[in-house]
Amino acid sequence: DSLAAQQYKLFMIWTYARVIGCLLILLTVTPHAVAGAAEEFFAHGVKAFLSGDFEVAKQSFERARDAGMDSSALYYNYGSTLYKLGRYAEAQAAFAVCARDPAWAALARYNMGLAALQQGNRAEAAENFDQAWRQTDDIKLAALAQTMLERIDPTAHWYPRGTFSFSLGHDSNVVLSDSTQSIP
């Protein structure tokens, strides 16, 4: 081989090594850059939502999703934004994705119930509120779900409470009181 041929081979090896090195750097840096971009889009969406700019929030959450974010928090916030925009069926779908996570299931079900109610689907709303009520350990969320169930059908979750006593013979446990006093 001539000197020129050897130099050409070294040049080609060096060129391939640089290309492979650059590709390896891109492969290791790109996921972090994309994840960082997704987090930025998400944070921007939260900020826009809190300021009442729901259209910008929607776009930011979609960009975060498109950049690879796949979290329950993203789908919950995206669903809340769609709900505020009056896009109830889409909000329900986002909350349904969020409901797959047991930590978010009760809250997502509650919001699915709100979206179903807005669409006039009282039976589906009641089912979601009932599931939220049964799944949650949060007293406030349970109370909200129970309140919504009572609004949909005041008698649906009414359970008779009290005692019944029947006896034959003389009752010696009589308490006398005047008519203005109630018995505790």
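Just so it is clear, the model here is predicted, and its values are computed rather than measured.

K.L.:
Before we go on, may I ask you to explain the confidence of the model for the protein in this structure?
P.N.:
Low pLDDT means the predicted atomic positions in that stretch should not be read closely. Confidence along the protein averages 80 in pLDDT terms, with 66% of residues attaining 70 or more. Within the model, pLDDT remains below 50 along residues 161-165, and this stretch shows zero contacts once partners closer than five positions in the same chain are excluded. When the criterion is pLDDT under 50, residues 171-184 qualifies, and its contacts beyond four places in sequence or with other chains add up to one contact.

K.L.:
I keep staring at the side chain of Ser72 and nothing clicks. Help me out?
P.N.:
Looking at the secondary structure, you find Ser72 in helix H3 (residues 72-84). Overall, the relative accessible area of 15% leaves Ser72 in the buried class. At 2.8 Å, the side chain of Ser72 forms a polar contact with the side chain of Asp101.

K.L.:
How should the side chain of Gln92 be read in this particular structure?
P.N.:
Assignment of secondary structure puts Gln92 in helix H4 (residues 88-98). In this structure Gln92 comes out as buried when scored by relative accessible area, which is 11%. In this structure, Gln92 is in contact with Met112, Ala115, Ala116, Gln119 and Glu124, ignoring residues within four places of it in sequence.

Criteria and thresholds
Residues numbered from 1 in each chain as written. Predicted model: local features only at pLDDT ≥ 70, side-chain atom pairs only at ≥ 80, totals over all residues. Heavy atoms only, no water. pLDDT = per-residue confidence, 0-100. Contact = heavy atoms within 4.5 Å. Helix = DSSP H or I, 4+ residues; strand = E, 2+ residues; numbered from the N terminus. Buried < 20%, exposed > 50% of the residue type's maximum accessible area, 1.4 Å probe, protein only. Polar contact = N/O pair within 3.5 Å; in protein donor to acceptor, adjacent residues only side chain to side chain.

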